[in-house]
Each structure stands twice: as C-alpha cells, then as structure tokens.
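Residue strings, one per chain:
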Amino acid sequence: MARFRPGDRVRVLPNVVDTHHRTPAYVKGRVGRVHALSGSFHDPEDRAYGGSGLPKRELYLVGFGMRSLWGRRYRGGQKDRLLVDIYEQWLEPAGQPIEGQVDDER
C-alpha cells in the first residue's frame, strides 16, 4: 500500500550509498511534491545484485522546483519543474514549508 499520495510534500533521504541505486544525487535532501503514484515494481537496488527484487516497492513521480535544485543559477521560469521517478524507500514526509524555504510550492 502506497505511503504517499499526489500532492504530498516529500523529502528525498540524503543517504550516501556505495551500491547501485536509482536516486539522483542532485535531489538527495531536497523537498518536492508527489505528482503521481506509478505503481509497485521489483526493487532495482536488490535486483542489481541478483536478488529477487521482492518485496515490490512503490514508485512515485516527484516534482522539484528547478530553483530549489539549482538556485539562482537557474534562469528559467519560476514555475518550471523537474519530474523524477523515486522509489518509496528514498522518501520521507516533508511536513509544512518553513517561511522563505525554497521547494516545490505551487
């Protein structure tokens, strides 16, 4: 059963790992918003080492404000977003935004 729903604010765990994983470094520790639940899939982190990939993991499409990722270097529109597929084990609830915090606020 999915832990998050579309619209939920989530933070990508900042974990540094030396093994195969599909979470881009530039979103680790960042806050985004769940755009969609993509379904439940075999865990690619386990399958990369010959495992069964079970139990299956929920996969989410998470949106990040481009300025929250790249800061002032990003010269595009304020509403521009980057959408990234992220497995549930890499996400935690982000709670409410802190005033002045830059993230994926709509």
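(A) Quick look at the pairing of strand S3 (residues 57–65). Counted residue by residue, S3 has seven buried out of nine residues, so it is predominantly covered. In terms of strand pairing, strand S2 (residues 31–41) meets S3 through seven bridges, oriented antiparallel. Residue pairing across strands places serine 40 opposite glutamate 58, the latter belonging to S3. Here S3 pairs with strand S4 (residues 81–87) via seven bridges, running antiparallel.

(B) Examining the confidence of the model for the chain more closely. Here the chain shows a mean pLDDT of 89. Residues at 70 or above account for 90%. Across the chain, element-level confidence peaks in S3 with a mean pLDDT of 97 and bottoms out in helix H1 (residues 44–47) with 88.

(C) Looking closely at the nonpolar core. Within the largest apolar cluster, 14 residues are counted, with the highest numbers of intra-cluster contacts made by Val27, Val62, Phe64, Ile86 and Leu91. Mapped by element, the contributors of at least two residues to this core are strand S1 (9–12), S3 and S4. Ranked by residues supplied to this core, first place goes to S3 with three residues. Dropping the residues within four chain positions of it, leucine 91 is found in contact with Arg3, Phe4, Val10, Arg11, Val12, Leu13, Tyr60, Val62 and Ile86.

(D) Structural context of the sheet that holds S4. Read from one edge to the other, the open sheet built from five strands follows the order S4-S3-S2-S1-S5, with strand pairing classed as antiparallel. Each edge of the sheet is formed by a strand with only one pairing partner; in this case those strands are S4 and strand S5 (91–93). The mean angle between the axes of side-by-side strands here comes to 45°, regardless of whether they run parallel or antiparallel. Across three bridges, the pairing between S1 and S2 is antiparallel. In the strand pairing of S2, arginine 11 is matched with valine 31.

(E) The packing of aromatic side chains, seen in detail. Applying the stated criterion across every chain, the model contains two aromatic pairs. Seen from their ring centres, phenylalanine 4 and tyrosine 60 are 5.7 Å apart, and the 70° between their planes marks the pair as edge-to-face. Taken together, the residues span a long stretch of sequence, with phenylalanine 4 in the segment before S1 and tyrosine 60 in strand S3 at a distance of 56 residues. Accessibility classification places phenylalanine 4 together with tyrosine 60 in one group, the buried group. Consider the rings of tyrosine 26 and tryptophan 70, whose centres lie 5.5 Å apart with planes at 40°: the pair is tilted. Separated by 44 residues along the polypeptide, tyrosine 26 in the loop between S1 and S2 and tryptophan 70 in helix H2 (residues 66–70) bring together distant segments of the chain.

Criteria and cut-off values
Residues numbered from 1 in each chain as written. Predicted model: local features only at pLDDT ≥ 70, side-chain atom pairs only at ≥ 80, totals over all residues. Heavy atoms only, no water. Buried < 20%, exposed > 50% of the residue type's maximum accessible area, 1.4 Å probe, protein only. Helix = DSSP H or I, 4+ residues; strand = E, 2+ residues; numbered from the N terminus. Pairing = 2+ DSSP bridges. pLDDT = per-residue confidence, 0-100. Core = buried A, V, L, I, M, F, W, Y, C linked by side-chain atoms within 4.5 Å. Contact = heavy atoms within 4.5 Å. Axes fitted to C-alpha atoms, helices over the stretch in contact; angles between N-to-C directions. Phe/Tyr/Trp six-rings, centres within 6.5 Å; stacked < 30°, edge-to-face > 60°.

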